[in-house]
Every structure is written in C-alpha cells, then in structure tokens.
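Observations on chain architecture
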Amino acid sequence: RLRWLRQSWRPKLRLSPESAELIAAKAAEVNKQALLQETTQLHEMQLTLETGYQELNKQRRSMDSLRQGVERQQKSLEAIQAENSRLKGEVLELRQKCQVQVAQNATLSQGIAQRRQARA
C-alpha cells in the first residue's frame, strides 16, 4: 500500500534521451563558462600577486640601498671626525711650538738688545 501511495505522488516527468542530452550539453556549457570565469579570476589574482611581489622587492631593494648609503655616510663621517681630531692635535702641537719659538725669540731679542746697549 505504501508503495502505491509513493508512486502515485511521484512526478510523471520522464525525459526523452534527446532532452537529457540537451540538458547535459547546457550543463557542460555552464560548467565551461564557470571554469573559464574561475580561470580568468585565478589569472588576475596571480597577476596581482606578482605585481605585489615586484613592488615588495622594489621596496626592499630601495631600503637596502638607502641602508647601505647611510652606512657609507656613517663611515665617511667617522673618517672625517678622525681626520679632524688628528688635525686638531697637529694644530695644538704647532701652536705650542710657536709659543716656545716666540719665547725663545723674545729671550734672544732681549739678549741682543742688552749686547747693543753694552757696546754702546
């Protein structure tokens, strides 16, 4: 009895083989289009990813070159400071020599002046 009831409520739609082939062809076309759209989206995503990586690498190279430039400037500044310290030392040394020489010249000058006065 139950079987009879189920069968009586079943839809009476039966597809002909031609209709089934047509539906299968349309489904295949829809699947092709969906696959094509997904492939296109995937390609666009890959291009976006590649562009992102290219820009990231460009920024990394830029940052690296800036870092290297700063390091070179730091080394140059250290060399300039060392040269400056060395030259200051030389100037102090020369100043001291000059002061000693001036003091010796003053002593000699006084000695010469005293000799002249003694001769005169």
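None of the values given here were measured: they were computed from a predicted structure.

On to the overall build of the protein. Looking only at helices and strands, the protein features 2 helices and 0 strands. Burial analysis of the protein (120 residues in total) assigns 1% to the buried set. Put simply, the protein shows about 12,100 Å² of open surface, and 57% of that area lies on carbon and sulfur atoms.

Close approach of charged atoms lets side chains of opposite charge pair. Inspection of every chain in the model, using the stated rule, returns 5 salt bridges. With a shortest N-O distance of 2.3 Å, E90 and R86 are connected by a salt bridge. Of this pair, E90 and R86 are both found in helix α2 (residues 17-119), 4 residues apart, which corresponds to roughly one turn of the helix. The class for E90 is partly exposed, based on a relative accessible area of 35%. Using a relative accessible area of 40% as the deciding quantity, one classes R86 as partly exposed. Of the charged contacts, one joins E93 and K97 as a salt bridge, the two residues approaching to 3.7 Å between their closest N and O atoms. Placement of both E93 and K97 in helix α2 is noted, with a separation of 4 residues, approximately one turn of the helix.

This part covers a nonpolar patch on the surface. Together, L49, Y53 and L56 line one region of the surface with nonpolar side chains, adding up to about 290 Å² of accessible area. The topology assignment puts Y53 in helix α2.

The rules we used
Every chain's residues receive numbers from 1 upward, in the order its sequence appears when written. Confidence filtering applies because this is a predicted model: local features only for residues at pLDDT of at least 70, side-chain atom pairs given and counted only at 80 or more, and all residues used for totals across whole chains, interfaces and linings. Calculated side-chain values reflect all of the structure's heavy atoms, with hydrogen atoms and water omitted. Put simply, DSSP marks the helices as runs of H or I at least four residues long and the strands as runs of E at least two long, and each gets a number from the N terminus on. Only protein chains enter the accessibility calculation, which uses a 1.4 Å probe; a residue whose area is less than 20% of its type maximum is buried, one above 50% is exposed, and one in between is partly exposed. Residue-level accessible areas treat just the shown protein chains as cover; the underlying method is Shrake-Rupley with a 1.4 Å probe. Salt bridges are defined as contacts in which a side-chain nitrogen from Lys or Arg sits within 4 Å of a carboxyl oxygen from Asp or Glu. Grouping into patches uses exposed residues only, defined as over 30% relative accessible area, and leaves out salt-bridged ones; the cut-off is 9 Å for like charges and 5 Å for nonpolar side chains (Val, Leu, Ile, Met, Phe, Trp, Tyr).

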